[in-house]
Structure formats: C-alpha cells, structure tokens
Amino acid sequence: MEKTQYSFVTFTWRITAAHVITYFIAGILAFNLFNYAEVFAEGDMAVLMKPVDSPWVMAGTALNIFRGILFGIVLWPFRTVILETRYGWLYLFGLFLGLAILGTSGPAPGSFEGIIYTNFPVLDQIIGLRETVFQTLLFSLIVFYWYKYPKKIWTSLSILIVVLLLMMIIAGLLVIHT
C-alpha cells in the first residue's frame, strides 16, 4: 500500500488553524456559559488567572498561533497514525487528553498533578475540564476530517476565519488602549 505524501507546511497550517479556531470557539462558549468574568475575579481563580479584560487574555487566541505551530511540528512524525487510521481522530484526542490535559508535567488545575499538589477542590478541577476536553475533541475531529474530505473551501475558510479573528483581536486591543 502506498502511503499518502503530506506537505509539512499544509499539515502545520491545518493543525494551527484548527487549534486557533477551536480554541476561540471553546473559549467564547466557556466564557459565556460558565461566567468566566466573575469566576476569574474571585477566590482561588483570581490568584491563578489574569482578569478577562487583560490585554494578554484578549490576545490569547492570536498568541495561540504559536502553540498551533508547535503542535504541527510535534505531531508531524505521527501524521500517518493520525490521518490514515480509522480512529485517527481518537488517537489524536487521546494523545492530547493523556499528555497535555491530564498528564501535564506541572500542577495545572484538572491534571493529575493539579489534583495532588494544588489547593483547588477536586470537583472544581474536574468541572474546569469541560472547556479543555471539548476544545481538544473538536480540534481532533476537525483535523482528521479535513484530511478525509479535503476541499479548497476548507483552506479558504480557515484562512478567512483566522484573519478575521486576528483583526477582531487587534481592534479590541486598540480600543482598550485608546
């Protein structure tokens, strides 16, 4: 069986775009559904998280372009497992869930280390996983199906969406600094 050839640049773009877009979607949903403005301003979260009106928080989606590129570079050697197996999306999701969410090397809330070493109540940590797990699942499905059903429209849409997100972020940052 002949293996499909993938372009590193195309692969990295798709990983980056899927990450940035799903990061934004999950963030906006969680922000509105879980009242992040209030949650981040009080209790333990106020010590851990910057306020939602911080320029760094506002720029978070744009800055995640660099994280997406990192993901593309790191996932490149595993592309055939992710893209050419029947459950590639599930392997990708499991990889992120196991290594980046639950198995982090630092005590991030919701991770194995976080439950052991932080003072956050376990229930709060588990509830806090909703956004991250949703984003990672959506990301994994988009990457997998983008390769299963490649169309130029998906690339064009991804470019348009990422550019619009960047423009909105820049406009928002300019508004708060004027």
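Residues numbered from 1 in each chain as written. Predicted model: local features only at pLDDT ≥ 70, side-chain atom pairs only at ≥ 80, totals over all residues. Heavy atoms only, no water.

1. Topic: the overall build of the protein
Along the protein, the regular secondary structure elements total eleven helices and zero strands. When the helices and strands of the protein are read in sequence order from the N terminus, they spell out α-α-α-α-α-α-α-α-α-α-α. Taken over the C-alpha trace, the protein has a radius of gyration of 18 Å; the compact-globule value for 178 residues is 16 Å, and the two agree within 12%. Each principal axis of the C-alpha atoms in the protein carries an extent, and together these give about 55 × 45 × 25 Å. In the protein, 72% of the contacts between residues at least 6 apart in sequence involve partners at least 24 apart. (Helix = DSSP H or I, 4+ residues; strand = E, 2+ residues; numbered from the N terminus. Rg over C-alpha atoms; globule rule 2.2 N^0.38 Å. Contact = heavy atoms within 4.5 Å.)

2. Some points on the side chain of Ser 158
As for its position among the elements, Ser 158 is in helix H11 (residues 152–176). Using a relative accessible area of 4% as the deciding quantity, one classes Ser 158 as buried. Setting aside anything within four residues of it in sequence, one finds Ser 158 in contact with Trp 13, Ala 17, Ile 21 and Trp 146. (Buried < 20%, exposed > 50% of the residue type's maximum accessible area, 1.4 Å probe, protein only.)

3. Considering a nonpolar patch on the surface
A cluster of nonpolar side chains, Tyr 145, Tyr 149, Ile 153, Trp 154, Leu 157, Ile 159, Leu 160, Ile 161, Val 163, Leu 164 and Met 167, forms an exposed patch at the surface whose accessible area comes to about 1000 Å². At nine residues, H11 tops the list of elements feeding residues into the nonpolar patch. Residue position: Val 163 is located in helix H11. (Patch = residues over 30% accessible without salt bridge, like charges linked within 9 Å, V, L, I, M, F, W, Y side chains within 5 Å. Areas by Shrake-Rupley, 256 points an atom, 1.4 Å probe, with all protein chains shown as cover. Salt bridge = Lys/Arg side-chain N within 4 Å of Asp/Glu carboxyl O.)

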